[in-house]
Amino acid sequence: MLCDKKPTLEVTKKYFDEAVESGVKVTSFADCDMNCAVIVDCIFGIGFHGEPKEPFNSVFNAINESNAIVVSVDTPSGTNATDGSVVNAVRADLTVAISSYKYCHVLPPANAYCGKIVSVNIGIPNECFNGDYASTITKAYVKKCFEKRNLNANKGDFGKQLNICGSYKMPGASVICANAALKTGVGLLKCAFPKSIYGVLTSHLTQPIFAPMSENEDKTFSMGALTDILKEIKWADSVAVGCGIGNNDDTQILLNQIVKESEVPVVVDADGINCLSVNIDVLKDSKAPVILTPHPGEMARLIHQDISFVQENRMDCAKSFAKEYGCIVVLKGANTVVTDGVNVFVNTTGNPGMAMGGTGDMLTGMLASFIAQGMNPFDAAVSAVYVHGLCGDITARELSQRGMTVYNMLELLGALMIDFE
């Protein structure tokens, strides 16, 4: 189907004429019947930007209103390959990316137009990809991050993890984070929590060591817990903090001191991020690596912007923040971004079924577990994000995106780890 006039440029005209001479039938859009099984979209490529003009806007609408399976070549026409922006575009069921992913494949809103994405190698040499690019996380990369377990290993060889999580209103966050750590192979897990949720935790967990702490009138950690928490941190190889702890004066002081005093990597999630946002410069005083795992709303609070700004500039927001504060950022959401301010990885596993409370707590437990087992913090973040999304994908296939729960994912997680042993 010819969407507009015949080509006039020398090279394109040459190929067009050769196609016609070889028997390819050319039909204009005005005369085309859109009632077909498959539509192959190769109207525009990576050079498209801005708003589609007529007749292309009408072509895009006609394709989207058809019942055909739509296959886009390289990028869905109308998407901006450079920044992921869209005014109107073809909505593909399958996008065949030429040689590599483009930013429109992983950045919103364009990523929602791509459907399933398959990258195909057409022989472009690796030297052509030099530059300031992001990398997609691959299973091969993640598998290399895991060391083989020694036949003569004991529990101490697989690390000691301290979880500082939970409150009276959100005890489940602590349970989920703990289960994720245990399901991914940490040797010893200690759970610090406000004492009022002791019964909830012990009814759902039996494997960890329990460290009930003093609490305030809101039944969250009190400042009085600080001495005990700092003592427990000295025991640990990694710390996970923030899941369900609440955001108040006490927890803000605790987070400040944990970040400043810890000599082992600290993974900060959820309420922990909100607590730090009050005095974010404390990150510059940390003695050990700090990994933040914000969702877009939390990222927006950290940089004093709105969520739409974060979503429109996901990689730039994450990378610039990580560089300024010397931390690792895991900006969650579709195509989670992992960066240390220099290197940028984008995840391609995961699905909308994971958009529910608790999946972030699960990711935090996994990430801290990988660090405790000896993985460097950046590789641990990359690996946790990939495995977490893969677990969600398999769970969705077995149950459905709407019907899956975090506990379904946790049930699958232990068996999934066989792929990385």
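You'll find the structure just up there.
Visitor: Teacher, can you tell me more about unusual backbone geometry here?
Guide: If a residue is not glycine, its phi is most likely negative; likewise, a peptide bond is most likely trans. Following E54, the chain continues into P55 via a peptide bond in cis, with omega recorded as 10 degrees. Relative to the helices and strands, P55 is located in the loop between β1 (38-41) and α2 (56-65). Following P108, the chain continues into P109 via a peptide bond in cis, with omega recorded as 0 degrees. As for its position among the elements, P109 is in the loop between α3 (103-106) and β4 (116-120). For S99, which is not a glycine, the phi torsion comes out positive at approximately 70 degrees. Despite not being glycine, A270 has its phi angle at roughly 50 degrees, a positive value. Of note, A270 is situated in the loop between β10 (266-268) and α9 (271-276). You can call A270 buried: its relative accessible area is 16%.

Visitor: Any chance you could explain the packing of aromatic side chains here in plain terms?
Guide: Each pair of aromatic rings is reported with the distance of its centres and the angle of its planes. In the structure shown here, the tally under the stated rule is eleven aromatic pairs. Where Y141 meets F345, the ring centres are 5.1 Å apart and the plane angle is 45 degrees; that geometry is what we call tilted. Within this pair, whereas Y141 is found in helix α4 (residues 139-145), its partner F345 is found in strand β14 (residues 344-346), the two being separated by 204 residues in sequence. Since its relative accessible area comes to 29%, Y141 is described here as partly exposed.

Visitor: How should helix α14 (residues 377-399) be read in this particular structure?
Guide: Taking 1.5 Å as the rise per residue, α14 with 23 residues should run 33 Å; its terminal C-alpha atoms sit 32 Å apart, in good agreement. Most of α14 sits out of view: 20 of its 23 residues are buried. Its side-chain oxygen placed 3.1 Å from the backbone nitrogen of F378, N376 serves as the N-cap of α14. Backbone geometry just after α14 places S400 at a positive phi near 125 degrees.

Visitor: Mind showing me how you'd approach the pattern of salt bridges here?
Guide: Close approach of charged atoms allows side chains of opposite charge to pair. Counted by the stated rule, this structure contains eight salt bridges. Measuring nitrogen to oxygen at the nearest pair gives 3.1 Å for the salt bridge that ties K14 to E18. Taken as a pair, K14 and E18 lie in helix α1 (residues 10-21) at a separation of four residues, close to a single helical turn. Note that D281 is salt-bridged to K284, the shortest N-O span being 4.0 Å. Looking at K284, the relative accessible area reads 46%, which means it is partly exposed.

Visitor: I tried to follow the state of the cysteines on my own but got confused; where do I start?
Guide: Tallied over the full model, the rule gives zero disulfides. Its sulfur unpaired, C191 is 7.4 Å from the next cysteine sulfur, which belongs to C165. Overall, C191 belongs to the buried group, its relative accessible area being 0%. Summary of cysteine pairing: C391 is not part of a disulfide, and the nearest cysteine sulfur, belonging to C177, is at 15 Å.

Visitor: Is there a simple way to explain the side chain of D41 in this structure?
Guide: Checked against the element boundaries, D41 lands in strand β1. Within the structure, D41 has its side chain in polar contact with the backbone nitrogen of I43 (distance 3.4 Å). When sequence neighbours within four positions are dropped, the list of residues in contact with D41 reads V70, V71, S72, V73, T75, P76, S77 and V90.

Visitor: Is there a simple way to think about the sheet that holds β1 in this case?
Guide: Hydrogen bonds between backbone groups are what pair the strands of a sheet, and the pairing can be parallel or antiparallel. Taken in spatial order, the four strands line up as β1-β2-β3-β4 in an open sheet, and their pairing is parallel. The two strands at the open ends of the sheet, each matched to only one other strand, are β1 and β4. Averaged over all neighbouring strand pairs, the angle between strand axes comes to 20 degrees, with direction disregarded.

Visitor: Is there a simple way to explain the layout of surface pockets in this structure?
Guide: Once rolled over the atoms, a probe with the size of a water molecule shows which space is left empty. By volume, the second largest pocket amounts to about 600 Å³. As for the second largest pocket, its lining consists of 26 residues, of which M1, L2, C3, C42 and I43 are closest to the centre. Listing elements by their share of the lining of the second largest pocket, those giving two or more residues are α1, β1 and α2. Here the lining of the second largest pocket gets four residues from one element, more than from any other, and that element is β1. Each residue belonging to the lining of the second largest pocket can be placed in one class, and the counts come to 20 nonpolar, one polar and five charged.

Visitor: Looking at this structure, I do not really get the side chain of D361. What am I missing?
Guide: Along the chain, D361 falls in helix α13 (residues 359-372). Of the side chains bearing the opposite charge, K332 lies closest to the buried D361, which forms no salt bridge; the N-O distance is 6.9 Å. Setting aside chain neighbours within four positions, we find D361 in contact with A173, I176, C177, C243 and D269.

Calculation rules
Residues numbered from 1 in each chain as written. Predicted model: local features only at pLDDT ≥ 70, side-chain atom pairs only at ≥ 80, totals over all residues. Heavy atoms only, no water. Helix = DSSP H or I, 4+ residues; strand = E, 2+ residues; numbered from the N terminus. Buried < 20%, exposed > 50% of the residue type's maximum accessible area, 1.4 Å probe, protein only. Phe/Tyr/Trp six-rings, centres within 6.5 Å; stacked < 30°, edge-to-face > 60°. Expected span 1.5 Å × (residues − 1). Polar contact = N/O pair within 3.5 Å; in protein donor to acceptor, adjacent residues only side chain to side chain. Salt bridge = Lys/Arg side-chain N within 4 Å of Asp/Glu carboxyl O. Disulfide = S-S within 2.5 Å. Contact = heavy atoms within 4.5 Å. Pairing = 2+ DSSP bridges. Axes fitted to C-alpha atoms, helices over the stretch in contact; angles between N-to-C directions. 1 Å grid on protein atoms, 1.4 Å probe; cavity = no way out; pocket = protein on both sides within 12 Å on 5 of 7 lines; lining within 4 Å. Points joined across faces, edges and corners; volume = space filled by probe spheres on them. Nonpolar A, V, L, I, M, F, W, Y, C, P; charged D, E, K, R; others polar. Lys, Arg positive; Asp, Glu negative; His and termini not counted.

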